[in-house]
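Residues per chain, in single letters:
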Amino acid sequence: MTLVVTPPDDLDVALLDAARDWLPGRRWFPAKGTQAELTLVGGLALADHVRVLLVRAKAGSIDAVLQVPLVLVAATGDGGDATGEAATTEVVGHVDGRAVLDGAAHPAFVAAWLAAADGPGAPVDPATARAVSGEQSNTSVILRAAPDAPAPAAILKVLRAVAAGENPDVDVPRHLVDVGSADVPAPLAWLQARWPDPSGVPVEGYLGAMSAFVPQAQDGFELACDVARRGEPFDDLARELGAVVAGVHADLVRAFGTDGSTAPQDGPEQVAAAVANRFAWAVSAVPQLTRFAPGVEAVVAQVRALPVAPPRQRVHGDLHLGQVLRSGTRWFVTDFEGEPLAPLAARTRPDLALRDVAGMLRSLDYAAAVGGLGGDAAQTWTDAARAALLDGYAGAAVAQRVDVDADGRAVLLRALELDKTLYEAVYESRNRPTWLPIPLAGLERLAG
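All residue numbers here refer to positions counted from 1 along the written sequence of the relevant chain. This being a predicted model, a pLDDT of at least 70 is required before a residue's local features are given, and a value of 80 or more before pairs of side-chain atoms are given or counted; all residues contribute to the totals for chains, interfaces and linings. Water and hydrogen atoms play no part in the side-chain values, which are based on all heavy atoms of the structure.

**Quick look at the pairing of strand β11 (residues 187–196)**
Thought 1: Exposure is judged per residue with a 1.4 Å probe applied to protein chains only, and the accessible area is read against the type maximum: over 50% gives exposed, under 20% gives buried, and values in between give partly exposed. Runs of E in the DSSP output that reach at least two residues are strands. Runs of H or I that reach at least four are helices, and both are numbered from the N terminus. Within β11, eight of the ten residues are buried, which leaves it mostly tucked inside the rest of the structure.
Thought 2: Note that strand β1 (residues 2–4) and β11 share three bridges and pair parallel. Pairing of T2 across the sheet is with Q192, part of β11.
Thought 3: In this description, strands pair whenever DSSP reports at least two bridges between them. Where β11 and strand β12 (residues 202–212) come together, nine bridges link them in antiparallel fashion. Each bridged residue has a counterpart across the sheet, and for P196 the counterpart in β12 is P202.
Thought 4: Adjacent in sequence and paired antiparallel, β11 and β12 are bridged by five residues, among which G200 carries a positive phi angle near 95 degrees.

**Topic: the packing of helix α9 (residues 354–370) against helix α12 (residues 437–447)**
Thought 1: Look at α9 against α12: their axes get within 10 Å of each other, and the N-to-C directions meet at 130 degrees. Judged by the angle between their axes, α9 and α12 are oblique. Note that α9 runs across α12; the crossing there is right-handed. On α12, the residues touching R362, D365, Y366 and A369 of α9 are I438, P439, G442 and R445.
Thought 2: Under the scheme applied, nonpolar residues are Ala, Val, Leu, Ile, Met, Phe, Trp, Tyr, Cys and Pro; charged residues are Asp, Glu, Lys and Arg; polar residues are all the others, including Gly. Counted by class, the contact of α9 with α12 contains four nonpolar, one polar and three charged residues. Where helices are involved, their axes are fitted lines through C-alpha atoms of the stretch in contact, as for all axes, and angles between N-to-C directions lie from 0 to 180°. Just so you know how the angles are binned, under 35 degrees is roughly parallel, over 145 roughly antiparallel, 65 to 115 roughly perpendicular, and the rest oblique. The handedness criterion is simple: a crossing whose near helix is rotated anticlockwise from the far helix by less than a right angle is left-handed, and one whose near helix is rotated clockwise is right-handed. Throughout, a residue-residue contact means that at least one pair of heavy atoms, one from each residue, lies within 4.5 Å.

Structure below.
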């Protein structure tokens, strides 16, 4: 069922006014540090006292439609409702004598969401809803089958920045499960809506999705950091992870096919030009990177000399250790959404599967550094983990329809890792200057 967003009414206007000061402080708010213009796209009445606002936030180059679920309850003055069931839910403001609560993890919102959603569903109890702390771009809510259930049954992701069209984080796992993949959490429910774009044309997109909960899961990046901190090898885990990534790439080909718009012989030139452009952009932002120019030029020349490149296909697009989970003896790949604020076309564009591998390799460097390793110890740890991951992934090349030899794959992988590292150098210089040595060390290895 596709819900239809209605034009904003007086209640929606009052709710947005109540939330204006609260919104900029959310971790998922896209325009931090600037004065954003907030306007109402419309609202959805999911149930009595449950309202979802779609709010357009504009600031400079940022133009996003945000989903803001709200629950109205009788105000008690203690941050909760009259029955006390939502005493731990954050109060956004007050409207007409009622408290306005952040609804994403409120039982009333979750119950209404489940009632409206499509999909096979799952036996979950909305009263057990608990928001995951630390979420950045969305709000994830853990649900159990019953309050005394031994383990969570599902996780609901409430998308904060919504966009027209298919959402990769919903669409891709659905396709993967359809072709038999067991390496992604199974989708259980999803909710779509229709709203007007800035020109008034109706568009449709996802508001959220619920998937099976991965029990006793460890975040892949946290796990790798802990292993590095203990001075233990990550090799076996990296090798298994490489094999899982290869399997997901093969399943993505089965589910979506490959892209025939780029001829195999044209692929190397596209990669080479992208790396050259990335370097020019990075140097303009971080002038100290100029010293890597000869090494970058050598990598670009090696790529241009390749006769062919593998076909482009659907990929994860933002793969790193923080996007995988370890449960028992298994790895799971999650979060296919990509950059939430990037255009949908960019997030679903076919690419080289090796770009995902490059992201994983870069993540190993970060895990070693955050885990406290340095110097020769870090080099030894990452070299072994990188080799193991690539060994586990090696079977992926078998699925490619273009014969690219091992040397050619190594050249492409180095170029794609270089591209990622240049991006990291700019990001760290702007946001976490104390972390800049991590990508700089990577550049010494790749282009020094």
